[in-house]
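Read off the chains here:
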Amino acid sequence: ARGGGGVPVASLAGDNRMVYIEDWDTFYAEAEKLYLDHPAHTRYSLKYRHTDGKVLLKVTNDRVCLQYQTDQQQDLKRIEKLNNIFITRMCGRDPEADAAEGAEGSASKGDKPVSSEEPGSKKRRGKR
């Protein structure tokens, strides 16, 4: 089994549900949809439980709580990608647009870095 979990857990407060999602692709799609629907209220949490050797991810907006747990090392790349997407979105940027700009920007830059200093001037560093 890839992802752990599997048993939906009802919380003590009425209709609120805490659900462990077993499939990564489902968790990823639902977490992104939850954030896009309610960006101001959605929180993302990552926790490593050393006693179990598991990583727990939680995405919630206080009405819906999605959880995913895994003990597989290959899932760390996926978790890192999701983490980067959430951080980018929370900073107010679109990760797809950033990826497109990054591809265009790296192709258009020259070999020489741009410097604000004149070529002949030297900058002194350290104590005299």
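Draft legend 1. Layout of the overall build of the protein chain. Across its full length, the protein chain holds three helices and five strands. Within the span of the protein chain, comprising 128 residues, buried residues form 25% of the whole. Taking the intrachain contacts of the protein chain between residues at least 6 apart in sequence as the baseline, contacts between residues at least 24 apart amount to 50%.

Draft legend 2. Focus on the packing of helix α1 (residues 24-37) against helix α2 (residues 75-90). One can describe the packing of α1 onto α2 by two numbers: an axis separation of 12 Å at closest approach and a directional angle of 5 degrees. Relative to α2, α1 is oriented roughly parallel. Here Trp-24, Phe-27, Tyr-28, Ala-31, Glu-32, Tyr-35 and Leu-36 of α1 lie close against α2, whose contacting residues are Arg-78, Ile-79, Lys-81, Leu-82, Ile-85, Phe-86, Arg-89 and Met-90. Of the residues that constitute the contact of α1 with α2, the class distribution is eleven nonpolar, no polar and four charged.

Draft legend 3. Structural context of the nonpolar core. With 17 residues, the main nonpolar core has Trp-24, Phe-27, Tyr-44, Leu-57, Val-59, Leu-82 and Phe-86 as its most contacted residues. Those elements that provide at least two residues to this core are α1, β4 (54-60), β5 (64-70) and α2. The element contributing the most residues to this core is α1, with six residues. Apart from residues no more than four positions distant in its own chain, Phe-27 is found in contact with Ile-21, Leu-57, Val-59, Leu-66, Gln-67, Tyr-68 and Leu-82.

Draft legend 4. Seen up close, the pairing of strand β3 (residues 43-49). Sheet topology places β3 next to β4; seven bridges connect them, and they run antiparallel. Along β4, the bridge assignment pairs Tyr-48 with Val-55. In this structure, the hairpin formed by β3 and β4 is closed by a connection of four residues, where Gly-53 is found at a positive phi of approximately 70 degrees.

Draft legend 5. Summary view of the packing of aromatic side chains. The tally for this structure, following the rule as stated, stands at six aromatic pairs. Ring plane angle 45 degrees and centroid distance 5.7 Å describe the contact between Trp-24 and Phe-27, whose orientation is recorded as tilted. Here Phe-27 and Trp-24 lie together in helix α1, a separation of three residues that amounts to about one turn. Of the two residues, Trp-24 and Phe-27, both sit in the buried class. Ring centres 5.2 Å apart and planes at 70 degrees place the aromatic pair Trp-24 and Tyr-68 in the edge-to-face group. A residue pair is termed long-range when its members are at least 10 positions apart, and Trp-24 in helix α1 and Tyr-68 in strand β5 qualify at 44 residues. The same class applies to Trp-24 and to Tyr-68, which are both buried. Taken together through their ring pairs, the aromatic side chains of Trp-24, Phe-27, Tyr-28 and Tyr-68 make up a single cluster.

Conventions and cut-offs
- Residues numbered from 1 in each chain as written.
- Predicted model: local features only at pLDDT ≥ 70, side-chain atom pairs only at ≥ 80, totals over all residues.
- Heavy atoms only, no water.
- Helix = DSSP H or I, 4+ residues; strand = E, 2+ residues; numbered from the N terminus.
- Buried < 20%, exposed > 50% of the residue type's maximum accessible area, 1.4 Å probe, protein only.
- Contact = heavy atoms within 4.5 Å.
- Axes fitted to C-alpha atoms, helices over the stretch in contact; angles between N-to-C directions.
- Parallel < 35°, antiparallel > 145°, perpendicular 65-115°, else oblique.
- Nonpolar A, V, L, I, M, F, W, Y, C, P; charged D, E, K, R; others polar.
- Core = buried A, V, L, I, M, F, W, Y, C linked by side-chain atoms within 4.5 Å.
- Pairing = 2+ DSSP bridges.
- Phe/Tyr/Trp six-rings, centres within 6.5 Å; stacked < 30°, edge-to-face > 60°.

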